[in-house]
Amino acid sequence: MQWIYLLIAAAFEAAWTFSLKYLDFQKIKTIQWNTAFSMNTWVLISPLLGYIFFGIGNIYFFALALKMLPTAVAMAVWTALALVFIKLADVFILHEKWVWQEIGWIALIAIGIVGLKTTGKA
């Protein structure tokens, strides 16, 4: 179950990263009270709400995984999975191009994740 918690935490970490990418405090500062409940306002603050939601989810599930896994293993796997999720989102959602060298390095990261999973204490 700890590996599922770690997987969920990494997904939240990737979503949290993308909420930071789209967060724009300058636009949020322009919101006025008389337009606070308009659709445009919700579009402006949705990255901030995502930042809060995904950040809390990330911390929660990572903390659950840390209770059952060695800290170094959990940290390495969580970071690597988040990186892989971010790259997959870049390619499949934001339509960025794959670079063959990136595929090779990500494959090495995946091999490292499998190695840590199989040799780490559960």
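So, here's what we can say about the structure. (Residues numbered from 1 in each chain as written. Predicted model: local features only at pLDDT ≥ 70, side-chain atom pairs only at ≥ 80, totals over all residues. Heavy atoms only, no water.)

A short note on the packing of helix H3 (residues 39–66) against helix H4 (residues 71–92)
So the rule is basically this: Interaxial angles span 0 to 180 degrees and are taken between N-to-C directions of axes, which are lines fitted to C-alpha atoms, for helices over the stretch in contact. Think of it this way: any DSSP run of H or I at least four residues long counts as a helix, any run of E at least two long counts as a strand, and we number them from the N terminus. Relative orientations are named as follows: roughly parallel for angles under 35 degrees, roughly antiparallel for angles over 145 degrees, roughly perpendicular for angles from 65 to 115 degrees, and oblique for any other angle. Note: crossing handedness is left-handed where the near helix turns anticlockwise from the far helix by less than a right angle, and right-handed where it turns clockwise. In what follows, a contact means two residues having at least one pair of non-hydrogen atoms within 4.5 Å. Each residue is assigned to one class: nonpolar for Ala, Val, Leu, Ile, Met, Phe, Trp, Tyr, Cys and Pro, charged for Asp, Glu, Lys and Arg, and polar for all the others, Gly among them.
Orientation of H3 relative to H4, taken along the N-to-C sense of each, is 140°, at an axis distance of 10 Å. Classified by the angle between their axes, H3 and H4 sit oblique to one another. For the pair H3 and H4, the sense of crossing is right-handed. Between H3, through Asn58, Phe62 and Leu66, and H4, the contact on the second element is made entirely by Thr71, Ala74, Met75 and Trp78. Considering only residue class, the contact of H3 with H4 consists of five nonpolar, two polar and no charged.

Quick notes on H4
How we decide: What a helix should span is 1.5 Å times the count of its residues minus one. Buried residues are those whose accessible area, probed at 1.4 Å on protein chains only, stays under 20% of the maximum for their type, while exposed residues exceed 50% and partly exposed ones sit between those limits.
Relative to the 32 Å expected for 22 residues at 1.5 Å per residue, H4 spans 31 Å between its end C-alpha atoms, a close match to the ideal helical length. Listing the buried residues of H4 in full gives Val73, Ala74, Val77, Trp78, Ala80, Leu81, Ala82, Val84, Lys87, Ala89, Asp90 and Val91. The elements touched by buried residues of H4 are helix H1 (2–22), H3 and helix H5 (100–119).

With respect to the pattern of salt bridges
We apply this condition: Any carboxyl oxygen of Asp or Glu within 4 Å of a side-chain nitrogen of Lys or Arg constitutes a salt bridge here.
Counted under the stated rule, the structure contains one salt bridge. With its nearest N and O atoms 2.7 Å apart, the salt bridge here joins Glu102 to Lys87. Taken together, the residues Glu102 in helix H5 and Lys87 in helix H4 connect sequence positions 15 residues apart. Residue class for Glu102 comes out partly exposed when judged on its relative accessible area of 30%. Classification of Lys87 as buried rests on a relative accessible area of 10%.

Some details on the nonpolar core
Applicable threshold: For the purposes of this section, nonpolar cores are sets of buried Ala, Val, Leu, Ile, Met, Phe, Trp, Tyr and Cys residues that join through side-chain atoms within 4.5 Å.
Ranked by size, the top nonpolar core spans 19 residues in total, and within it Trp3, Leu6, Phe61, Phe62, Leu69, Val77 and Trp78 carry the most contacts. Mapped by element, the contributors of at least two residues to this core are H1, H3 and H4. Counting residues per element, this core draws most heavily on H4, at seven residues. In this structure, Val77 is in contact with Trp3, Leu6, Ile113 and Leu116, ignoring residues within four places of it in sequence.

Quick word on a nonpolar patch on the surface
Inclusion rule: A patch is a set of surface residues, each over 30% in relative accessible area and not in a salt bridge, joined within 9 Å for like charges and within 5 Å for the nonpolar side chains Val, Leu, Ile, Met, Phe, Trp and Tyr. Exposure was quantified through the Shrake-Rupley algorithm and a 1.4 Å probe, taking into account, for residues, occlusion by the shown protein chains and nothing else.
There is a patch of nonpolar side chains on the surface, built from Tyr22, Leu88, Phe92, Ile93, Leu94, Trp98, Trp100 and Ile103 and spanning about 870 Å² of accessible area. Those elements that provide at least two residues to the nonpolar patch are H4 and H5. If you trace the backbone, Ile93 turns up in the loop between H4 and H5. A relative accessible area of 61% places Ile93 in the exposed class.

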